[in-house]
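Listed below are the residues making up each chain.
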Amino acid sequence: MTEPIAGLIMGRNLRAFLELLSSYADYAFDETDWDTIELGIFDTDDEKPDGWYAYPLVGSSATLEITGPFRRQRGDVHPRRGG
């Protein structure tokens, strides 16, 4: 079952949010994940749906996909989670 959720996360809180979310999926979020996400969101655009970034968190109890843009002017991230 997929239940998308949406919200706003301040950029400085993104890593902690993803680490917490990963723990619910029994996924071992590590430095490689964070480096990949940092690079991936760099060129996103919150005004273009095709300019968003997606990253899967595949754990032993759930698979989650984080999708969203990064708003540079405020440093916010708008993730959507589906899984």
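Check the entry above for the structure.
In this report, we go over the structure that sits alongside the text. What you see as residue numbers is a count from 1 along each chain, following the sequence as written. Totals for whole chains, interfaces and linings use every residue, but because this is a predicted model, local features are given only for residues with pLDDT of at least 70 and side-chain atom pairs only at 80 or more, for both listing and counting. Remark: hydrogens and water are excluded; side-chain values derive from all non-hydrogen atoms of the structure.

**Comments concerning helix H1 (residues 14–24)**
Every α-helix carries 3.6 residues per turn, so stepping three or four residues along brings you back to the same face.
Here is step 1: Only protein chains enter the accessibility calculation, which uses a 1.4 Å probe. A residue is then buried if its area is under 20% of the maximum for its type, exposed if over 50%, and partly exposed in between. Helix numbering and strand numbering both begin at the N terminus, where a helix is a DSSP run of H or I of at least 4 residues and a strand a DSSP run of E of at least 2. Along H1, the positions that sit buried rather than exposed are Leu14, Leu18, Leu21 and Ser22. Projected down its long axis, H1 shows its buried positions confined to an angular sector of 105°, all on one face. H1 presents Ala16 and Tyr24 as exposed residues on the side facing more than 90 degrees away from its buried surface.
Here is step 2: Following H1 by one or two positions, Asp26 has its phi on the positive side, about 60°. The directions considered for the arc run from the helix axis to the C-beta atoms.

**Things to note about the pattern of salt bridges**
Here is step 1: What makes a salt bridge here is a side-chain nitrogen of Lys or Arg within 4 Å of a carboxyl oxygen of Asp or Glu, nothing more. Inspection of the entire model under this criterion finds two salt bridges.
Here is step 2: Here Arg15 makes a salt bridge to Glu19, at a shortest N to O gap of 2.9 Å. With a gap of four residues between them, Arg15 and Glu19 both fall in helix H1, about one helical turn apart.
Here is step 3: Accessibility expressed as a relative area gives 25% for Arg15, which makes it partly exposed.
Here is step 4: By relative accessible area, which is 36% here, Glu19 ends up partly exposed.
Here is step 5: Note that Glu31 and Arg15 form a salt bridge whose closest N and O atoms lie 2.9 Å from each other. Of this pair, Glu31 sits in helix H2 (residues 31–42) while Arg15 is found in helix H1, placing the two residues 16 residues apart along the sequence.
Here is step 6: If you follow the salt bridges from partner to partner, you end up with Arg15, Glu19 and Glu31 in one network.

**Things to note about H2**
Here is step 1: Helix span is expected to be 1.5 Å times the residue number reduced by one. The first and last C-alpha atoms of H2 sit 17 Å apart over twelve residues, in line with the 16 Å expected at 1.5 Å per residue.
Here is step 2: All of the buried residues along H2 are Asp33, Trp34, Ile37, Gly40 and Ile41. When H2 is viewed along its axis, its buried side chains cluster within an angular range of 130° and face the same direction. When the buried face of H2 is taken as reference, the exposed residues oriented beyond 90 degrees from it are Thr32, Leu39 and Phe42.
Here is step 3: We define a polar contact as two N or O atoms separated by no more than 3.5 Å, with the added condition that, inside protein, one atom must be a possible hydrogen donor and the other a possible acceptor, whereas residues neighbouring each other in sequence contribute only through side-chain atom pairs. By the N-cap criterion, in which a side-chain oxygen at the helix start approaches the backbone nitrogen of a residue two or three places on, H2 is capped by Asp30, the distance to Thr32 being 3.1 Å.

Distances and angles like these do not, on their own, reveal function.
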